[in-house]
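Now for the letters of each chain:
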Amino acid sequence: MLRLPRFRYLRPKTAREAARMSADLGPRAMFVAGGTDLFPKLKRRQFEVETLIGLDFLSGEVRQSDDEVVVGAGATLAFAAENQHLRRVHPGYAQAAGLVSSPPLRNAGTTGGNLCVDTRCNYYDMTFEWRKAAGFCLKKDGDICLVAPSSPRCWAVSSSDTGPMAIALGGLVTLAGTDGERELPVAALYRDDGIDYLAKQPSEVVTELRLRRDEGVRSAYVKLRRRGSIDFPIAGAAVAMRLDGGTVASCRIVLSAVASHPLEVPEAADFMVGKTVDEESARAAAEIAAQPAKPLDNADLTHFWRKKMVRVVVEQALRAASDQTGGLDG
Ligand SMILES: Cc1cc2nc3c(=O)[nH]c(=O)nc-3n(C[C@H](O)[C@H](O)[C@H](O)COP(=O)(O)OP(=O)(O)OC[C@H]3O[C@@H](n4cnc5c(N)ncnc54)[C@H](O)[C@@H]3O)c2cc1C
Ligand code: SF4
């Protein structure tokens, strides 16, 4: 049985205090929210930290005003998936939250933790002993990428389900740091780098996700994984679109699990503008969307097949968003 290492646990009362603790302790400390990703990784010694800074002060609510829906970063994925505001106004987000891992992990895992979740790779998400036997890699303890040995960078895969959907919906995150708060588009939260995958300061806490309340926007998330009951995505498509008299007035399409960051495909989205969503247009857009997706041989199933399946998830997500009438319960 794998055991957690010894660590000190700090319990700040505010995001500012948490940020200060993190800034003081540097890389020897990490934030923990639900711990559903962090604890298994600590057991596998993928992180070596002396201190965890608990984020249980974060709001677990979803609030609604006239112009936005605000998801507290402490809201569990289960809560977000069942929340009536989200299901009605941003069904794609509720779907994405409801498709993360398994019910027990959605009861503990948070929406903030899901936005910040580590990138994944078959050569990295292994026990210490496995990694030692295979040879360590760039992301932890080594100096070579085992998937692409001639590459100077890490290609670990962005595997958040809600991140792509939040980008497609034009969401903003509020970040609390040592000097105060700032807002950032979710699209700007990520870097195309398997190691340094978040663009925020390490000491900044994600406190909430703000989604504009736009009743005319339809959204859908389609996810492919081996076991529907628990697995991470091996391809996913988040679509948000506005229809005007049956034709697409605006559209955003963001892919999951095909790059080190959620991959937006504006060429495919632009292709849809001015068209009705039918079999032919959705298939042509899906073909365009799959072009920049470059899955590597470091996740479940073969990368050739995953690339082919990007077309399928995009086509399904476009059709699902366009067919929507009044949210998930409508
Ligand atoms: C078997 C299994 C299957 C899984 N399947 C999926 C899946 O299908 N899709 C998916 O997206 N995820 C999956 N996960 C990963 C994880 O359960 C989710 O991503 C979850 O949402 C993480 O949230 P958390 O609150 O538990 O984060 P934690 O594990 O507490 O933290 C994750 C990371 O985010 C940082 N962090 C957490 N909250 C904040 C914050 N508010 N501000 C700044 N940094 C923060 C932590 O320091 C850590 O680096 C799976 C995990 C397991 C073990
Ligand atoms: S992509 Fe390469 S460097 Fe990154 S975790 Fe995988 S093997 Fe390691």
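Residues numbered from 1 in each chain as written. Chains lettered and ligands numbered in written order. Predicted model: local features only at pLDDT ≥ 70, side-chain atom pairs only at ≥ 80, totals over all residues. Heavy atoms only, no water.

**Notes on the site of ligand 2**
By nearness alone, 13 residues border ligand 2, and Cys121, Cys137, Cys145, Cys154 and Trp155 come closest of all. Comparing atom positions with the cavity grids shows ligand 2 to sit within the largest cavity. Across the shell around ligand 2, the residue classes break down as 11 nonpolar, 1 polar and 1 charged. (Near = heavy atom within 4 Å. 1 Å grid on protein atoms, 1.4 Å probe; cavity = no way out; pocket = protein on both sides within 12 Å on 5 of 7 lines; lining within 4 Å. Sits in = over half its atoms within 2 Å of the grid points. Nonpolar A, V, L, I, M, F, W, Y, C, P; charged D, E, K, R; others polar.)

**Examining the packing of helix α11 (residues 279-290) against helix α12 (residues 303-323)**
It is the contact of α11 with α12, at a shortest axis distance of 8 Å, that shows an interaxial angle of 140 degrees. Taken together, the axes of α11 and α12 are oblique relative to one another. In the crossing of α11 with α12, the sense of the turn from one axis to the other is right-handed. Contacts between α11 and α12 pair Glu279, Ala282, Arg283, Ala285, Ala286, Glu287, Ala289 and Ala290 from the former with Lys307, Val310, Arg311, Val314, Glu315, Leu318 and Arg319 from the latter. (Axes fitted to C-alpha atoms, helices over the stretch in contact; angles between N-to-C directions. Helix = DSSP H or I, 4+ residues; strand = E, 2+ residues; numbered from the N terminus. Parallel < 35°, antiparallel > 145°, perpendicular 65-115°, else oblique. Left-handed = near helix turned anticlockwise from the far one by under 90°. Contact = heavy atoms within 4.5 Å.)

**Details of the pattern of salt bridges**
Counted by the stated rule, this structure contains 27 salt bridges. We note a salt bridge from Glu279 to Arg283, for which the minimum N-O separation is 3.4 Å. Of this pair, Glu279 and Arg283 both sit in helix α11, 4 residues apart, which is roughly one turn of that helix. Arg283 sits in the partly exposed class, given a relative accessible area of 45%. Each of Asp37, Lys41, Arg44, Asp118, Arg120, Asp125 and Lys139 takes part in a single network of salt bridges with overlapping partners. (Salt bridge = Lys/Arg side-chain N within 4 Å of Asp/Glu carboxyl O. Buried < 20%, exposed > 50% of the residue type's maximum accessible area, 1.4 Å probe, protein only.)

**Description of empty space enclosed by the protein**
Following the criterion strictly, the structure yields 2 cavities of 30 Å³ or more and no others. Of the voids in this model, the largest cavity is the one considered here, and its volume is about 90 Å³. Around the largest cavity sit 14 residues that line it, and Cys121, Cys137, Cys145, Cys154 and Trp155 are the ones nearest its centre. Of the residues in the lining of the largest cavity, the class split is 12 nonpolar, 1 polar and 1 charged. Of the pockets and cavities examined, the second largest cavity occupies roughly 40 Å³. Every residue lining the second largest cavity is listed: Asn114, Leu115, Val117, Thr119, Ser158, Ser159, Ser160, Tyr190, Tyr197 and Ser260. Within the lining of the second largest cavity, the residues separate by chemical class into 4 nonpolar, 6 polar and no charged. (Points joined across faces, edges and corners; volume = space filled by probe spheres on them.)

**Regarding the sheet that holds strand β9 (residues 217-224)**
The sheet built from 4 strands is open, its strands ordered β9-β10-β11-β12 with antiparallel pairing. The sheet is open, and its two edges are formed by β9 and β12 (263-264), each paired on a single side. In this structure, β9 lies alongside strand β10 (residues 235-244), joined through 8 bridges in antiparallel fashion. Residue pairing in the sheet places Ala220 in a bridge with Val239 of β10. With respect to the sheet, α12 is in contact with β9, β10 and β11 (247-256), its orientation differing from that of β10 by roughly 30 degrees. (Pairing = 2+ DSSP bridges.)

**Remarks on the side chain of Thr119**
Looking at where Thr119 falls in the secondary structure, it is placed in the loop between α7 (111-116) and α8 (128-134). Overall, the relative accessible area of 1% leaves Thr119 in the buried class. Engagement of the side chain of Thr119 in a polar contact is seen with the side chain of Lys139, the distance being 2.9 Å. With sequence-adjacent residues up to four places away left out, Thr119 is seen in contact with Lys41, Tyr124, Asp125, Lys139, Ala156, Val157, Ser158, Gly194, Tyr197 and Ser260. (Polar contact = N/O pair within 3.5 Å; in protein donor to acceptor, adjacent residues only side chain to side chain.)

**Quick word on the pairing of β11**
Taken together, the 9 bridges between β10 and β11 define a ladder with antiparallel strand orientation. Pairing of Arg242 across the sheet is with Ser250, part of β11. In sequence, β10 turns back onto β11 through a hairpin of 2 residues, with Gly245 there showing a positive phi of about 55 degrees. By the bridge criterion, 2 bridges tie β11 to β12 in an arrangement that is antiparallel. Counterpart to Val254 in the pairing with β12 is Glu264. What sits between the antiparallel neighbours β11 and β12 is a turn of 6 residues, in which Ala257 has the positive phi angle 65 degrees.

**Quick notes on helix α5 (residues 91-98)**
Burial runs high along α5: 6 of the 8 residues are buried. Turning to α5, its buried residues are Pro91, Gly92, Tyr93, Ala94, Ala96 and Ala97.

**Some remarks on the sheet that holds strand β1 (residues 8-10)**
One key point about sheets: their strands pair by backbone hydrogen bonds, in either a parallel or an antiparallel sense. Taken in spatial order, the 3 strands line up as β1-β3-β2 in an open sheet, and their pairing is parallel. Two strands in the sheet have a free side with no partner beyond their single neighbour: β1 and β2 (29-32). Within the sheet, the average angular offset between the axes of one strand and its neighbour, ignoring direction, is 30 degrees. Looking at chain direction, β1 and strand β3 (residues 51-54) are connected through 3 bridges and run parallel.

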